[in-house]
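Each chain is listed here by its residues.
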Amino acid sequence: MPERTRFVLDERDMPTAWYNVLPDLPTPLDPPLGPDGNPIGPEALAPLFPMELIKQEVSTDRYIDIPGAIIDVYKTYRPSPLQRARQLEKNLGLPEGVKIFYKYEGVSPAGSHKPNTAIAQAYFNKQEGINKISTETGAGQWGSALAIAGALFGIEIEVFMVKVSFNQKPYRRILMETYGATVHASPSNLTNAGRHVLERDPDSTGSLGIAISEAVEVAATNEDMHYSLGSVLNHVCLHQTIVGQEAILQMEMAEAEPDVVIGCVGGGSNFAGISYPYYYRRKQGLSNARLVAVEPKACPTLTAGDYRYDWGDEAKMTPQMLMYTLGHDFVPAGIHAGGLRYHADAPTLCNLVHNDEIEAVAVHQVACFEAAVQFARAEGILPAPESSHAIRVAIDEALAAKDAGEDKTVLFNLSGHGHFDLSAYEAYNAGTLIDYDFASGTHVEED
Ligand SMILES: *Cc1c(COP(=O)(O)O)cnc(C)c1O
């Protein structure tokens with residue numbers, strides 16, 4: 001009997017609640033700190049976020065129902081496919097017992113997992129009468145996700161886009177503008193935060209930390225505007241758990257249980273999406289899966305950062321949170337995986353790594369592109385440079401099992417497609433792509 005390759009979930013079987021990891025963390029999450037260094041309550045976030053998202057940010061309910069209006073939009077591209085990478089397995093010469101599965105989030109309108117939270121955030125803002133939202137974007141994935149969500153719910157979107165990506169990826173900017181958003185290269189002259197950076201370094205290529213400062217400043221100084229973050233925060237990780245919950249149902253259809261679940265990490269929400277539902281499954285005694293977070297060597301937050309309180313942005317406008325961090329003023333080298341260039345990570349993810357519930361590894365970009373091209377030539381999908389980090393480790397895990405003569409089922413999240421990242425592939429194909437380590441990054445506030 002021919003074996004199945006695609007595990008298609010009916011839209012009527014899509015999960016109807018998000019999974020909240022907060023009540024299941026091994027140690028309670030330490031509170032965010034305000035400007036005076038004292039813990040802040042949820043009300044401190046009210047100028048920037050709608051009440052419903054603030055409630056989700058601190059909720060200890062294990063499941064939070066997804067409103068019907070959000071489910072309706074999700075259904076335009078969800079459930080997303082889960083596939084067995086049979087062709088890749090064959091090309092790698094894997095034995096029977098070593099299997100690779102991937103959950104594919106590139107089918108969303110933005111081409112990544114990011115609309116899962118953008119749609120939810122736009123909806124909850126609109127519910128509370130907000131018609132303008134500012135945000136930052138790295139490679140442009142988050143900006144385009146929010147731009148679409150803004151168009152769907154009638155909200156004006158203003159995007160500060162990290163300059164290196166603004167220049168490398170003009171098509172992402174055009175996409176955002178086509179959906180109706182306004183896009184600025186960051187650092188810009190439009191904010192105090194941006195001007196401060198440009199005074200010190202007129203050639204700054206920008207960073208997510210700087211772009212967040214600019215977007216927060218604009219929202220904080222405009223009464224009728226809110227701010228939206230595409231990763232890191234608890235409510236963002238929460239919204240992404242639709243991914244892992246679907247994956248669990250689809251892996252059941254495949255009659256397989258993953259031994260390892262892999263995802264790339266920028267701010268951590270994509271990885272949270274695939275892994276937190278498996279973390280809970282492990283707590284329930286239904287899974288033994290190792291959970292592996294993959295980050296770039298150029299921005300190795302979890303593997304080389306300090307576990308301490310730090311700001312989420314360059315200009316210290318956000319609260320401080322307990323995270324692994326490379327420093328809020330760290331500007332990583334201009335790797336092509338723009339979405340992975342964040343100096344810190346989601347506090348929930350950092351908590352789980354710190355408590356040894358989740359493993360972290362860092363990989364170089366050239367090896368990631370090798371894996372991405374190997375994947376594209378086997379499975380046909382051109383991966384986003386961010387996602388290639390997960391593919392690298394998925395292939396390495398499979399090959400290690402093959403070498404050891406062990407059985408292993410590998411599941412990874414293919415967080416997006418790379419159709420807007422062709423300049424990166426052009427550089428890889430031309431052999432001009434180079435590796436950067438942590439030391440190739442810079443700090444804004446140098447002594
Ligand atoms: C933004 C992005 C990531 C990183 O997501 P985080 O949730 O911030 O970790 C990964 N893959 C793709 C394709 C992205 O666009």
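Residues numbered from 1 in each chain as written. Predicted model: local features only at pLDDT ≥ 70, side-chain atom pairs only at ≥ 80, totals over all residues. Heavy atoms only, no water.

Things to note about helix α8 (residues 192–200)
Applicable threshold: Burial classification: accessible surface area is computed with a 1.4 Å probe over protein chains only, and a residue below 20% of its type maximum counts as buried, one above 50% as exposed, and the rest as partly exposed. Put simply, DSSP marks the helices as runs of H or I at least four residues long and the strands as runs of E at least two long, and each gets a number from the N terminus on. What the arc describes is the spread of directions from the helix axis to the C-beta atoms.
Buried residues of α8: A193, G194, V197 and L198, and no others. In a view along the axis of α8, the buried residues occupy a sector of 130°, so they form one face of it. Opposite the buried face of α8, by more than 90 degrees, sit the exposed residues N192 and E199.

Quick word on the pattern of salt bridges
What counts is decided by this rule: In the sections that follow, a salt bridge refers to a side-chain nitrogen of Lys or Arg positioned within 4 Å of a carboxyl oxygen of Asp or Glu.
A complete count under the given rule lists 19 salt bridges for this structure. One salt bridge connects E246 with R78, and the closest N-O pair in it is separated by 2.8 Å. Of this pair, E246 sits in helix α10 (residues 234–253) while R78 is found in the loop between α2 (68–74) and β4 (82–84), placing the two residues 168 residues apart along the sequence. For the pair formed by E246 and R78, the shared burial category is buried. For R173, the salt bridge identified is with E177, shortest N-O distance 3.2 Å. You can see R173 and its partner E177 sitting in helix α7 (residues 170–178), four residues apart, about one turn around the helix. Salt bridges sharing common partners tie together R78, K103, E105 and E246.

Section: the sheet that holds strand β6 (residues 132–137)
To keep things clear, this is the line we draw: Pairing between two strands is assigned when DSSP locates at least 2 bridges connecting them. Structural elements are reduced to axes, namely lines fitted to C-alpha atoms, with helices fitted over the stretch in contact, and the angle between N-to-C directions of any two is expressed from 0 to 180 degrees. Residues count as neighbours in contact if any of their non-hydrogen atoms are within 4.5 Å of one another.
Taken in spatial order, the four strands line up as β8-β7-β6-β9 in an open sheet, and their pairing is parallel. The open sheet is flanked by β8 (182–186) and β9 (225–227), the only strands paired with a single partner. Looking at each pair of strands side by side, their axes are set apart by 25° on average, direction ignored. Relative to β8, strand β7 (residues 156–162) runs parallel, the two sharing five bridges. For V159, the partnering residue across the bridge sits in β8 and is V183. Strand contacts of helix α5 (residues 141–153): β6 and β7, with the helix running at about 160° to β6, the strand carrying the most contacts.

Structural notes on the site of the ligand
Counted only if it meets this: The rule for a residue being near a molecule or strand is that one of its heavy atoms must lie within 4 Å of it. Contacts described as polar in this section are N or O atom pairs within 3.5 Å, which, within protein, must combine one atom able to donate a hydrogen with one able to accept it, while residues neighboring in sequence count only if both atoms come from side chains. The method behind every accessible area is Shrake-Rupley, applied with a 1.4 Å probe, and residues are considered shielded solely by the protein chains displayed.
By nearness alone, 19 residues border the ligand, and K114, G266, S269, N270 and S415 come closest of all. The separation between an oxygen atom of the ligand and a polar side-chain atom of K114 is 2.6 Å. Within the side chain of S231, a nitrogen or oxygen atom sits 2.8 Å from an oxygen atom of the ligand. Protein chains shield 97% of the accessible area of the ligand, which is 390 Å² for the free molecule.

Any link to function would need more than the numbers given here.
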